[in-house]
Amino acid sequence: MPPPRTRGTALRQRLAELRGPDVPAKALDARALAALAANPGCRRRAILDGAGVNKASLASALGSPSAFGQSQFALTRGNAFEKRVKADGGAELLRLVHEKLDRGAEPPSDAQVPELTAIGPEGRTARTALALREATAAGAWTLLDHPMLSLDVAGSPAFLEPDAVVVHPDGSWTVVEIKSFPMLDGSADPAKVGAAARQAAVYVLALEGVAAHLIPPSRVRHHVLLVCPKDFSNLPTASAVDVRKQRAVTARQLARLTRVQDIADGLPEGTCFSPDLPADELTAAVESVPATYAPECLSACELAFHCRDRSRTEGAVTSLGRSVRAELGGLTTVDDVLAAAHGQAGDPEDPAVAALRRAAALRAEVLRAEQGAACR
Ligand code: SF4
């Protein structure tokens, strides 16, 4: 077996081939990782994300463009708010961290804001790890603005960039998420807070990887700071969000992802996902990787319209939802389900088949009764 470094280089080459010649890799962000972890059985998404394929461009090239992404207006507004929150060396941001998470510590003044620029994501990750180590040893309030973290995802590194990480005087670390949705009277839309918490949980996991390498290991706080505009103003307000549950779920789901290397090894020679390829060639490449479509994909993956069409064409029961799929056991297509319900296929001892036959018999009885009533 080749040494790990050689294996890593070979995998990177293979992933670059899958992406296509001269197609730059799209970095995985925490939002994408949280969505990937929500559907750990989908090998298609795992290999596309692992290879850094731009799924939005791929979906357009396949003729099923995604309805994803923030509007330019929302992006501009979000960036302006983040700039305001971090103004003056992050004074307001650090005040909020102190107020919401660490009132016992001395108030932050003259906090350090280390320079984190370096070449490439690997360089920035190393620079961030060094800054964290130095700040922890110094025992002073420190703000890391857009640090770079790395997380192993299905055997290959994903680079992540939280809005900020704060080092407390006791050496513990807090993830900060800055969002542009409003916090009204101290609370925000629970769905948006939930999505932000899942994203922050991914950063917490990545940060724990850095913390574990320090001697002694540092502590990553499991309460993150969510900063939003207060009411309808652009003044920042914040709340501490407990992400222990999201962290545990994401860690479990990421551990279940099939290794990217294994999926890549199973693909036909010459497979390529470049959006420049003709649509039929691209469709064949995408279809060569199994997918597990579920309606939840519509809010989490750029390829959802393509996969939904395929799933419907194949009559797959997954398009009806995960709970229906789970109830149907080994019956994977609508045709199988109908045949089982009408007694043309299936083991009558199978609880799913028995339930379908009972339901079909009841339906037939109701229809007969209705027809009888109509004739009278
Ligand atoms: S939309 Fe397709 S590729 Fe994306 S997660 Fe769902 S099944 Fe997988």
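Above this text is the structure in question.
Because the structure is a prediction, the values reported are computed rather than measured. (Residues numbered from 1 in each chain as written. Predicted model: local features only at pLDDT ≥ 70, side-chain atom pairs only at ≥ 80, totals over all residues. Heavy atoms only, no water.)

Novice: I'm lost on the environment of Ala-91 in this one. Help?
Specialist: Within the secondary structure layout, Ala-91 lies in helix α6 (residues 87-101). Residue classification places Ala-91 among the partly exposed residues on the basis of a relative accessible area of 45%. In this structure the C-alpha to C-alpha distance between Ala-91 and Asp-110, which are 19 residues apart in sequence, comes to 8.5 Å. (Helix = DSSP H or I, 4+ residues; strand = E, 2+ residues; numbered from the N terminus. Buried < 20%, exposed > 50% of the residue type's maximum accessible area, 1.4 Å probe, protein only.)

Novice: Just to check I follow, could you spell out the side chain of Glu-302 for this structure?
Specialist: When you line up the elements, Glu-302 lands in the loop between α11 (279-287) and α12 (304-313). For Glu-302, a relative accessible area of 16% translates into the label buried. A polar atom in the side chain of Glu-302 sits 3.4 Å from the side chain of Lys-55. (Polar contact = N/O pair within 3.5 Å; in protein donor to acceptor, adjacent residues only side chain to side chain.)

Novice: Could you clarify how one ought to interpret the pattern of salt bridges in this entry?
Specialist: Once the charged atoms of two side chains with opposite charge are near each other, the side chains can pair. For the structure on display, the rule yields 19 salt bridges. One salt-bridge network, in which partners are shared between bridges, spans Arg-45, Asp-49, Lys-55 and Glu-302. (Salt bridge = Lys/Arg side-chain N within 4 Å of Asp/Glu carboxyl O.)

Novice: Can you walk me through the pairing of strand β3 (residues 156-160) in this structure?
Specialist: Sheet faces and side chains relate simply in a regular strand, where the side chains alternate between the two faces. Most of β3 sits out of view: 4 of its 5 residues are buried. Across 5 bridges, strand β2 (residues 149-153) lies against β3 in antiparallel orientation. Its bridge partner lying in β3, Val-153 is registered against Ser-156. Once β2 ends, the chain turns through 2 residues before running back antiparallel as β3, passing Ala-154 with a positive phi of about 50°. (Pairing = 2+ DSSP bridges.)

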